[in-house]
Amino acid sequence: MQSAGGTRTVVAFDGSSLDGPAYLDVVGLARHAPAWLDDTVSAWSAYGLALFAVLMAVGWWRARRAGAAAAVTALAAPVAVVAAYGMNAALKLLVREDRPCRSLRAATLEACPAPGDWSFPSNHAAIAAAAAVALFFVSRRLGACAAVAACAMAASRVWVGTHYPHDVLAGLVTGAAAALLAMSSLRRGRAEAWAARLAATRLRPLLAATP
């Protein structure tokens, strides 16, 4: 859309009518919470995704001892996460929802992202959920740990003020669905086929533990 002065104006969706009051309640709690709690949640919100990378690395390291097919499944986990991120990013560009801190002008723990940095769905929630689902195919224990961490990540994004509750819920669903689709397709006999292909390349050391 072009304004009278020639400046391009991007039409954005205002999601505050969906759960704006709930969002304001959460950021209000954050403003009155102890500093140590806000600092902890903010740190988790900013850097917590690194935990999922560590869990996937641990899953791959253990899977190498179970066989080449298990190692391939573990190596597919980060690929599924990247695919989930791509799907989520596409939805962001399609919906173009303004950040709640911008629409509601709320004081938040985290600085409000710039205009055009869309809110729906949450990338952090999608990545976390995708990692959790992918890890369930590698190890139920690691998947359960990641699932708890994914819920904590989603909640933290609302607490610091960067997302509405519906943003993180949609991110969780998008990430989980994308990873489930990707990992399920691999599980249908394709892990063995990929293992055979990779065993004939320089990537063979990734498939089995060194004796």
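Each remark here, short or long, concerns the structure printed above.
Below is a short write-up of the structure. This one's a predicted model, so the numbers in the text were calculated from it and none came from an experiment.

### A look at the overall build of the protein chain
Counting its regular elements, the protein chain contains nine helices and zero strands. Helices and strands appear in the protein chain in the N-to-C order α-α-α-α-α-α-α-α-α. Per-residue burial over the protein chain gives 42% buried out of 211 residues.

### A word on the state of the cysteines
The final tally for this structure, using the stated rule, is one disulfide. Between Cys-101 and Cys-112 runs a disulfide, and the two sulfur atoms are separated by 2.2 Å. Judged by the sign of its S-S torsion, about 80°, the bond between Cys-101 and Cys-112 is right-handed. Pair noted here: Cys-101 is in helix α5 (residues 100–103) and Cys-112 is in the loop between α5 and α6 (123–136), with a separation of eleven residues, a long-range link. The buried category is assigned to Cys-101, whose relative accessible area is 6%.

### Re the packing of aromatic side chains
Taken as a whole and judged by the stated rule, the model has three aromatic pairs. Considering the side-chain rings of Trp-44 and Phe-52, the 6.4 Å spacing of their centres and the 45° angle between planes classify their relative orientation as tilted. Judged by its relative accessible area of 24%, Trp-44 falls in the partly exposed class. On the accessibility criterion, Phe-52 (1% relative accessible area) is buried. Over the face of the ring belonging to Trp-60 we find Arg-64, whose NZ or CZ atom lies 5.1 Å from the ring centre. Across from the ring centre of Trp-61, 4.4 Å away, lies the NZ or CZ of Arg-64, which sits over that ring.

Rules used throughout
Residues numbered from 1 in each chain as written. Predicted model: local features only at pLDDT ≥ 70, side-chain atom pairs only at ≥ 80, totals over all residues. Heavy atoms only, no water. Helix = DSSP H or I, 4+ residues; strand = E, 2+ residues; numbered from the N terminus. Buried < 20%, exposed > 50% of the residue type's maximum accessible area, 1.4 Å probe, protein only. Disulfide = S-S within 2.5 Å. Phe/Tyr/Trp six-rings, centres within 6.5 Å; stacked < 30°, edge-to-face > 60°. Lys NZ or Arg CZ within 6 Å of the ring centre and 35° of its normal.

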